[in-house]
Structure formats: C-alpha cells, structure tokens
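The residues making up each chain are set out below.
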Amino acid sequence: MEGFEIRISNTKKGKGLYATKQFNEGDVILAEDPLVSCQFAWNAAYRYLACDHCMRPLETPEQNVRRLSAKPDIVLPHSNCFETDLLNITSCNQCGILYCSEECKEISYAKYHRVLCYIQSETQHPVNVLLETWKQIHYPPETANIMLLVRILAFIQQHSDPESAAATIKQFCHRTVNEDAELVHKLLGDEFRSQINTLREMTAHVINGEHIQEFLTPEGFCSLMALVGTNGQGIGTSPLALWVNSVSNLTMSDDEKQQLHMFIDKLYQYVEEESGQFLNTEGSGLFLLQSACNHSCAPNAESSFPYGNHRIELKAIKTIMPGEEIFISYLDECALQRSRHSRQKELAENYLFVCWCERCVAAGSEPDCSSEEDMSEEEEDADD
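The name that an unreviewed UniProt entry assigns to the chain is Protein-lysine N-trimethyltransferase SMYD5, with the source organism given as Pararge aegeria aegeria. According to the UniProt record, the Subcellular location (unreviewed entry) comment for the chain reads "Cytoplasm".

Okay, structure coming up:
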C-alpha cells in the first residue's frame, strides 16, 4: 500500500484512508479490483450486455450508441482510436454466462461462480426466483442488487479459508442492529419492509453451508443487506464514454474539433431522447481499500472507472499532504452544490451520520433552510 495506509480515525467514523506521501492534483492514489462485483438486475435485463465478472461491456462504441439511440445507421468517426476487443469473449462451459476473457472466467469460477453455476433457462431455479422477486422490489434507478450479497456468501463459502474470508467481509460491518434495520428499510422502501425475511429465505435456498450460517440469521442477513446498501460502490462502464475520451485526445485542427464536439453533443441528445439517464452498464462492488475513504463535502479525491470495467481508480483532486486523511464525497455533484441543511439531510437519511467536515463546520451558522429548494423539501415532508 505505497503512499497511503488504513488506520482508525475515531470512534464515530471508524477507519479512514491516510496519505503517507504527498499527492498532487491528478495523481493516482490507488487502483483496485473489488472483492466481488455484480451488474444491476434491471440493467442486465434491459440488454446492457457485459462480462459477468468484471462488467466490461461486450459491445463496441458504435454498437453501443446505435442501441441506446435506436439509430442503426450511426457511424462513429475515428472508431479505430478505441477498439473494444470482442474476440476474446468466452462463456461458462456449464451455464453459458458470458465473460470478456478466459482470465475473467477463471477468476469468477475460483472466487464464487463454482457454487452459483446454474442453467439460466430454468425459470424456477432459486437464483431466478430470487432475482425476479428482487426486481419487483427494487426498480430503476437501481442502487443495489441482491446478487452482490449472494456473491459475497459464495466468496466466503468457496474460499480456501472461509473464516478468514468471513472476517474480511465483517470489516465492512460496524453498525448497531437498529442502524442496520433502518438502512435496510431505506433500501427496500416502506412498501417492502416485510419482504426482508422472504429475501433471506430465498437466499438460503440459493446458497447455504456451515461457514455462512451466521449471515443467514435474521440479524446477520440484515447486517449484510445494510453492508450492500452502504458499502457497495456504484460502478458505471460505457463504451461510448471511452470512445469520447479517446477521440477528444486526438490531434486535429480547431475546425475539426468543433465539428467533432457538435457531433458528440448530437449523439448524446439522440441517446437521451431514447434511453434517458440510463447510458451505462451499471452495478456495484465491494472494494476493500477504497471503502475505507470517509466522506467530506469538500473532498480531496474522487473515484472513477477509466479502465472500462469494475477496476476503480482513486485520484487526488487537490494537493494531499502526508498525514492528511483522504476524503471522497458520498454525494453526487448536484447534491454537493446544495446547502449544508440539504447535504446533512441526505447523508443522515442514506448513511445515518451527521457530517462534521470542514465545509459543514464552517457553514454552521447557516439557517436550517437556506434556499427555495430546501424550503420546498420541508413543505413536501410536512405534506407527507
């Protein structure tokens, strides 16, 4: 772990990621593959074809934009500057699940797929029953997938040292029983609170064994669901976005650049008209190092997926000195621009903590509602 270390921050925050050397703006702090990852259920159902292990899309940028825009005649210029290698696509010999490479196939089988392999067409197979039940509870826009939880259990069950694997997973769990229950209720919504036991029983039909019994009790399952809901890092991959990044770095005249940017803007307009906000192959993963990063409303680092798969990169967005904690934002860019009151409210609802970052402390004198948008939120809550 060159350049950083994980250590206990304080009793409230638990662990944190700290710099052991100076990082300048733009420096890569770490790049990491997840312990496990999984594509979202509806995302997969809507033909966002991806490697079942690393979530690399299994289509070229041109195929991607044609599908998302429903315009089969679109031709991308400079398509040779970003090639998606589809020649290495392979599948599981038993169930037919697709992988981008033999390497991903082997890693998947060694980590979790051996105990989860099943014939996809069997509609009444416990995995399919669980997935369909989950899809009726968790509609797009998605934030989690029950199959990430199942893969965590399979990771433990298949591991050469299951106790060590279980201990690794438990590093992510540090809340009380009541806090876990509140987070799960938030994840499922009021309408489906009673479904938690149904999901637990269905999961036990998918995978069971002595090494994972503690996670299949009502309390253990609730804790694992809360873990998936809060520590599961969202993953987004897009062949179109990778092509855009590649062509934007080409050497060309100012007129050519202007024409290219106009073409790209038009592409995104077509895609938005047909597919709305659902542009990416989306899922979530459990990252051992990156998950140690705590939140700040004035972050000094940000996460991205520049490799076109589930591999995450943490990059400094300002200078970080040795000994400083490395912070990311749990809020999106839009939420970060809002008032302290709105930020605090969202963090309390979704992560069950009050933010005391330097930005929130400095804004401590702000009124509870400091914008018309926040006032309208309060009125909506009152109406509910």
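Next comes the rest of the write-up.
Chemist: I'm lost on the overall build of the chain in this one. Help?
Modeler: Scanning the chain from terminus to terminus reveals 15 helices and 12 strands. A principal-axis box enclosing the C-alpha atoms of the chain has dimensions of 60 × 60 × 50 Å. In the chain, which comprises 384 residues, the proportion classed as buried is 46%. Taking all contacts inside the chain whose residues are at least 6 apart in sequence as the whole, residues at least 24 apart take part in 70%. Here the chain carries 30 positive and 58 negative side-chain charges, and the mean point of each set is 3 Å from the other.

Chemist: Hey, could you run me through the environment of arginine 200 in this one?
Modeler: Within the secondary structure layout, arginine 200 lies in helix α8 (residues 196-206). On the accessibility criterion, arginine 200 (17% relative accessible area) is buried. The residues touching arginine 200, leaving out its near neighbours within four places in the chain, are Leu216, Thr217, Pro218 and Phe221. A polar contact of 2.9 Å, which involves the side chain of arginine 200, links it to the backbone oxygen of leucine 216.

Chemist: Please explain the layout of surface pockets as it appears in this structure.
Modeler: Over the atoms a probe the size of a water molecule is rolled, and this reveals where empty space is left. Size it by volume and the second largest pocket reaches roughly 680 Å³. Together, 28 residues line the second largest pocket, and Ala44, Asp52, Ile97, Gln120 and Leu131 are the ones closest to its centre. Within the residue set of the lining of the second largest pocket, elements represented by two or more residues are β4 (36-39), α1 (41-45), α3 (102-116), α4 (126-137) and α5 (146-158). It is α4 that contributes the most residues to the lining of the second largest pocket, 5 residues altogether. Among the residues making up the lining of the second largest pocket, the classes are represented as 17 nonpolar, 6 polar and 5 charged.

Conventions adopted
- Along every chain, residues carry numbers that run from 1 in the direction the sequence is written.
- Only residues with pLDDT of at least 70 get local features here, since the model is predicted, and only at 80 or more are side-chain atom pairs given and counted; chain-wide, interface and lining totals rely on the full set of residues.
- Heavy atoms from the whole structure form the basis of all side-chain values; hydrogens and water molecules are not counted.
- UniProt positions are given in the numbering used here, feature names are shortened, and annotations may be inferred rather than shown by experiment.
- Starting at the N terminus, helices and strands are each numbered in turn, a helix being any DSSP run of H or I of at least four residues and a strand any DSSP run of E of at least two.
- When a residue's accessible area, from a 1.4 Å probe over protein chains only, is under 20% of the maximum for its type it is buried; when over 50% it is exposed; and in between it is partly exposed.
- Only heavy atoms matter for contacts: two residues are in contact if any of them lie within 4.5 Å across the pair.
- By the counting scheme adopted, Arg and Lys are positive, Glu and Asp are negative, and His together with the chain ends is not counted.
- Each charge is placed at NZ for Lys, CZ for Arg, CG for Asp and CD for Glu.
- Under the rule applied, a polar contact is a pair of N or O atoms within 3.5 Å (in protein, one hydrogen donor and one hydrogen acceptor; residues adjacent in sequence only if both atoms are side-chain atoms).
- A pocket here means an open set of points on a 1 Å grid, computed over the protein atoms alone, that has protein on both sides within 12 Å along at least five of seven lines. A cavity is instead a set of points where a 1.4 Å probe fits but cannot get out; residues with an atom within 4 Å of a point line either one.
- Grid points are joined across faces, edges and corners, and a volume is the space filled by probe spheres set on the points.
- Ten residue types, Ala, Val, Leu, Ile, Met, Phe, Trp, Tyr, Cys and Pro, are classed as nonpolar, four, Asp, Glu, Lys and Arg, as charged, and the remainder, Gly among them, as polar.

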